[in-house]
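Letter by letter, the chains look like this.
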Amino acid sequence: MIYVYRSKISDSAKLLADGLEGDRLKLFNGQTFQRREGGTIIRPRRHDVIVCWGEELPNVEGPRILNGAPILNKMDAALKLKAEGVETVEVASQHPRVEPLTFDVQRNTINRVDAQVLVRDLQAFIARPDPINNEWLPRTNNHLGGHDLMNPPAHPDYWSKKENIIEEFRIHIFNGKSIRAGVKKHRDGVEGHAWIRSYDSGWNICYNDFHSKKAMRALAVKAVEALGLQFGAVDLGKTVDGRLLVLEVNRACGLEGGTVDAYVKAITQWAEETP
């Protein structure tokens, strides 16, 4: 039997359990599970599979467990990725103090250089990006769908460095391989936000005719493994200078259509082949 463990209400967990022809588990007391409050007690047996959908689970004797690793908050997850050498966004517990840019007037005087050189140096100084202006974004540790970006919190849990992202992708990784990949695009008939690429801000993930590149898959696999997971939906960003960054690893992503099928196929195959 394959079980999907999710304590909160989740359409995706239900779709996954139905697709696997399995069962939902909602409560765990340290030894046994229940379908719901006061519901049937479930004791998974040896060789059963428990798929943790956004839940952590200690090693339970008997069943095989997928994605039971401890859950990290958003900032700690980003720090863990960075510590494991994964290219990701920079985060800080407090707003980094950045010294303002200053122009060396003493060096750039008419007595030292001609006016043309002085103008050139001034233009170069003005063109430099100022790290103070909109560079660090206030975030919350439980943010969903970029809500804290659209509504910046007055008392943020942490700060993330704003990158000049020109494209975003989602790579679904299972057991070291990509099982589905898509690119974020404006939703039909909706004027999407300029750089916040979430569903609520007018964006969607398009899987049709998209083929991920090797570098994307390699980075996504590295991110999932760094967090001690067997699967995850990895959001990647491509910067204006061509770098790929991990924006987030989602261990309970929204599922529908072909994405449900991809996870069902991957989990079923893993259950059949893994002792």
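Here the structure is a predicted model, which means the values were calculated and not measured.

Caption draft 1: Region of the structure containing the side chain of D148. Locating D148 in the fold gives a position in helix α4 (residues 147–150). A distance of 3.5 Å separates a polar atom in the side chain of D148 from a polar atom in the side chain of H143. If we skip the residues at most four places from it in the chain, D148 touches P138, R139, T140, H143 and P153.

Caption draft 2: Inspection of the packing of helix α1 (residues 11–19) against helix α6 (residues 257–273) at higher detail. Closest axis-to-axis distance for the α1/α6 pair is 9 Å, and the angle between their directions is 50°. In this view, α1 runs oblique relative to α6, as classed from their interaxial angle. Considering the relative orientation of α1 and α6, their crossing is right-handed. Of the residues in α6, those in contact with L15, L16 and G19 of α1 are V260, Y263, V264 and I267. In the contact of α1 with α6, the residues fall into 6 nonpolar, 1 polar and no charged.

Caption draft 3: Layout of the sheet that holds strand β15 (residues 244–250). An order of β13-β12-β11-β14-β15 is seen for the 5 strands of this open sheet, with the pairing classed as antiparallel. The outermost strands of the open sheet, each flanked by one partner alone, are β13 (203–206) and β15. The average angle at which neighbouring strand axes cross in this sheet is 30°, direction not considered. Sheet strands in contact with helix α5 (residues 214–226) are β11 (165–174), β12 (177–186), β14 (231–239) and β15, and its direction is about 45° off that of β15. Sitting on the sheet, α6 is in contact with β11, β12 and β14, with an inclination near 165° to β12.

Caption draft 4: Local environment of helix α2 (residues 74–83). Here α2 has its buried residues at M75, A77, A78 and L81. Mapping the buried residues of α2 onto a view down its axis gives an arc of 165°, with all of them on the same face. Residue N73 occupies the N-cap position of α2, its side-chain oxygen lying 3.2 Å from the main-chain nitrogen of M75. G85 sits one or two positions beyond α2 and adopts a positive phi of about 80°.

Caption draft 5: Molecular detail of the sheet that holds strand β4 (residues 33–34). If you walk across this open sheet you meet the 3 strands as β3-β4-β5, and the pairing is antiparallel. Only two strands of the sheet have a single partner each, and these edge strands are β3 (27–28) and β5 (41–42). Two strands pair when backbone bridges link them, and β4 and β5 are joined in this way by 2 bridges, in the antiparallel orientation. Residue pairing in the sheet places Q34 in a bridge with I41 of β5.

The rules behind the values
- Counting from 1, residues in each chain are numbered in the order their sequence is written.
- Totals for whole chains, interfaces and linings use all residues, but because this is a predicted model, local features are given only for residues with pLDDT of at least 70 and pairs of side-chain atoms are given and counted only at 80 or more.
- As a convention, hydrogens and water are excluded, and side-chain values are obtained from all of the structure's heavy atoms.
- Strands are runs of DSSP state E lasting at least two residues, helices are runs of H or I lasting at least four, and both sets are numbered from the N terminus onward.
- Polar contacts, as counted here, are pairs of nitrogen or oxygen atoms within 3.5 Å of one another; within protein the pair requires one atom able to donate a hydrogen and one able to accept it, and residues that are adjacent in sequence qualify only if both atoms are side-chain atoms.
- In this description, contact between two residues means that some pair of their heavy atoms is separated by no more than 4.5 Å.
- To get an axis, fit a line to the C-alpha atoms, keeping to the stretch in contact for a helix; angles then go from 0 to 180 degrees between the N-to-C directions.
- In this scheme, roughly parallel covers angles under 35 degrees and roughly antiparallel covers those over 145, while 65 to 115 is roughly perpendicular and the rest are oblique.
- Each helix crossing is assigned a hand: it is left-handed if the near helix lies turned anticlockwise from the far helix by less than a right angle, otherwise right-handed if that turn is clockwise.
- Under this grouping Gly is polar, as are all residues other than the nonpolar Ala, Val, Leu, Ile, Met, Phe, Trp, Tyr, Cys and Pro and the charged Asp, Glu, Lys and Arg.
- Only strands joined by at least two bridges in the DSSP assignment are considered to pair.
- Only protein chains enter the calculation, and the probe is 1.4 Å; a residue is then buried if its accessible area is under 20% of its type maximum, exposed if over 50%, and partly exposed in between.
- It is the directions from the helix axis to the C-beta atoms whose arc is reported.

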